[in-house]
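# Report on the structure
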Amino acid sequence: MMNTKNRECKCTRKREYEARKQKVSINVPIIWVLGGPGSGKGTQCDKIVEKYGYTHLSSGDLLRKEVNSGSDRGKELNAIMERGELVPVEVVLDLLKEAILENLPHSKGFLIDGYPREKSQGALFEKNVSPVTVILFFDASEDTLTKRLLHRAETSGRADDNEETIKARLKTFNENNNEVISQYPDKLKRIQAEGTVEEIFANVEAILDKL
Ligand SMILES: Nc1ncnc2c1ncn2[C@@H]1O[C@H](COP(=O)(O)OP(=O)(O)O)[C@@H](O)[C@H]1O
Ligand SMILES: [Mg+2]
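Quick caveat, the model's predicted, so the values are computed rather than measured. Throughout this description, residue numbers start from 1 for each chain and increase along the sequence as written. To read the labels, note that chains go from A and ligands from 1, taken in the order they are written. Predicted model: local features are reported for residues with pLDDT of at least 70 only, side-chain atom pairs are reported and counted for 80 or more only, and whole-chain, interface and lining totals are derived from all residues. By convention in this description, side-chain values take in all heavy atoms of the structure and omit both hydrogens and water.

### Comments concerning the overall build of the protein chain
Quick note on the threshold: In this description a helix means any DSSP run of H or I spanning at least four residues, a strand means any run of E spanning at least two, and both kinds are numbered starting from the N terminus. Accessibility here uses a 1.4 Å probe with only protein chains present; expressed as a share of the type maximum, an area under 20% marks a residue as buried, one over 50% as exposed, and anything in between as partly exposed. Throughout, a residue-residue contact means that at least one pair of heavy atoms, one from each residue, lies within 4.5 Å. Throughout, the Shrake-Rupley method with a 1.4 Å probe supplies accessible areas, and for residues the shown protein chains are the sole cover considered.
Each helix and strand in the protein chain was counted, giving nine helices and five strands. What you see in the protein chain, going N to C, is helices and strands ordered as α-β-α-β-α-α-α-β-α-β-α-α-β-α. In the protein chain, which comprises 211 residues, the share counted as buried stands at 45%. Contacts in the protein chain between residues at least 24 apart in sequence constitute 77% of all its contacts with a sequence separation of at least 6. Of the roughly 12,200 Å² that the protein chain leaves accessible, carbon and sulfur atoms contribute 49%.

### A short note on the site of ligand 1
This is how the line gets drawn: Think of it this way: one heavy atom of a residue within 4 Å of a molecule or strand is enough to make that residue near it. For the purposes of these results, a polar contact is taken to be a pair of N or O atoms within 3.5 Å, where, inside protein, one atom must be able to donate a hydrogen and its partner to accept one; residues adjacent in sequence count only when each atom of the pair is a side-chain atom. We call Asp, Glu, Lys and Arg charged. Ala, Val, Leu, Ile, Met, Phe, Trp, Tyr, Cys and Pro are nonpolar, and the rest, Gly among them, are polar.
Neighbouring ligand 1 are 14 residues; Gly38, Lys41, Gly42, Thr43 and Arg152 lie closest to it. Here an oxygen atom of ligand 1 sits 3.1 Å away from a polar atom, N or O, in the main chain of glycine 40. Glycine 195 places a main-chain nitrogen or oxygen 3.0 Å from a nitrogen atom of ligand 1. Taken by itself ligand 1 offers 560 Å² of open surface, and the protein chains cover 74% of this. For the shell around ligand 1, the elements supplying multiple residues, two or more each, are helix H2 (41-52), helix H7 (142-156) and helix H9 (197-208). When residues of the shell around ligand 1 are assigned to their parent elements, the largest contribution, three residues, is made by H2. Class assignment for the residues of the shell around ligand 1 results in three nonpolar, eight polar and three charged.

### Remarks on the packing of aromatic side chains
Operational definition: Working definition: rings of Phe, Tyr and Trp (its six-membered ring) pair if their centres are within 6.5 Å, and the pair is stacked with planes under 30 degrees apart, edge-to-face with planes over 60 apart, and tilted otherwise.
For the structure on display, the rule yields four aromatic pairs. Both rings, one in tryptophan 32 and one in tyrosine 184, keep their centres 5.2 Å apart while their planes meet at 90 degrees; by these two values the pair is edge-to-face. Within this pair, whereas tryptophan 32 is found in strand E1 (residues 30-35), its partner tyrosine 184 is found in the loop between helix H8 (163-181) and strand E5 (188-192), the two being separated by 152 residues in sequence. When sorted by exposure, tryptophan 32 lands in the same class as tyrosine 184, which is buried.

### Considering the side chain of glutamine 121
Within the element layout of this structure, glutamine 121 appears in helix H6 (residues 119-128). Other than its neighbours up to four places away in sequence, glutamine 121 contacts Val87, Val89, Tyr115 and Pro116.

### A look at the pattern of salt bridges
Stated formally: A side-chain nitrogen of Lys or Arg and a carboxyl oxygen of Asp or Glu constitute a salt bridge if their distance falls within 4 Å.
One pass over the full model with this rule turns up 13 salt bridges. For arginine 83, the salt bridge goes to glutamate 85, with nearest N and O atoms at 3.2 Å. Residue arginine 83 is classed as partly exposed on the basis of its relative accessible area, which comes to 47%. On the basis of relative accessibility, which here comes to 40%, the residue glutamate 85 falls in the partly exposed class. The salt bridge involving glutamate 175 is made with lysine 171; its shortest N-O contact spans 3.1 Å. Here the residue glutamate 175 and the residue lysine 171 both occupy positions in helix H8, the gap between them amounting to four residues, near one helical turn. One salt-bridge network, held together by shared partners, links Arg152, Arg158, Asp160, Asp161 and Arg169.

### Quick word on the confidence of the model for the protein chain
Short version of the rule: Each residue carries a pLDDT score, the predictor's own confidence in it, on a scale running from 0 to 100.
Per-residue pLDDT for the protein chain averages 90, and the proportion of residues at 70 or more is 89%. Here residues 1-14 is modelled with pLDDT under 50, and outside its nearest four sequence neighbours on either side it reaches zero contacts, counting other chains as well. Confidence estimates for the predicted assembly give a pTM of 0.86 and an ipTM of 0.92.

### Thoughts on helix H3 (residues 59-68)
Since the α-helix turns once every 3.6 residues, residues separated by three or four places project in the same direction. Quick reminder of the rule: The reported arc concerns the directions from the helix axis to the C-beta atoms and nothing else.
Within H3, burial applies to Ser59, Gly60, Leu62, Leu63, Glu66 and Val67. Buried residues in H3, looked at end-on, bunch into an arc of 165 degrees, giving them a common side. The outward face of H3, more than 90 degrees from its buried face, is lined by the exposed residues Lys65 and Asn68. Close packing links the buried residues of H3 with strand E2 (55-58), helix H4 (72-82), helix H5 (89-103) and strand E3 (110-113). Trailing H3 by a residue or two, glycine 70 shows a phi angle of about 80 degrees, which is positive.

Okay, structure coming up:
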């Protein structure tokens, strides 16, 4: 019993290690989806998946999955996320890269939702995973973001959808966002995200139809 467990454990670790080392050759679009908390990244990604068949990888969802697994790493992550802070970049990047490799054989493109959150995260992704094709940045006012998140809080069950954490998340976002997007002037597509879901999606289509 003990032996089998150990073997499985080593095996998983080995696979993870190899995933990290492996060079990835990706010939489908890699799209970073950025914007403040509540800017509609998840909502628009769902619509993109429906029309374009891309693979949606949300860094937040991958992290929450890790938290729900109940692992020690998950518990540490949960504490950080409840404070509205950013988790260590290696953790997010490993989770993203593993998910990309897993989906690569059949994927038409990847939506990387909510990453990079810091300048260094973008550089690490491009170095260790792949260059980015295009960046969708959903731009909405703080007022709109807060209203949408408080509304989402009624049903989301997310530990970070409460007034205090929302304030901290907006602060984290404002501190880092300009530095992130200013690195990629040629790839950046700024999308006005105050309108209806359909209006915003029309602007998204105008960009993705050209890829
Ligand atoms: N264009 C929109 N107009 C009004 N509400 C929206 C719009 N887009 C998203 N929402 C709502 O705002 C909340 C946050 O959207 P979500 O897609 O989860 O944002 P993010 O993934 O960027 O945090 C959700 O409750 C969602 O239904
Ligand atoms: Mg989201």
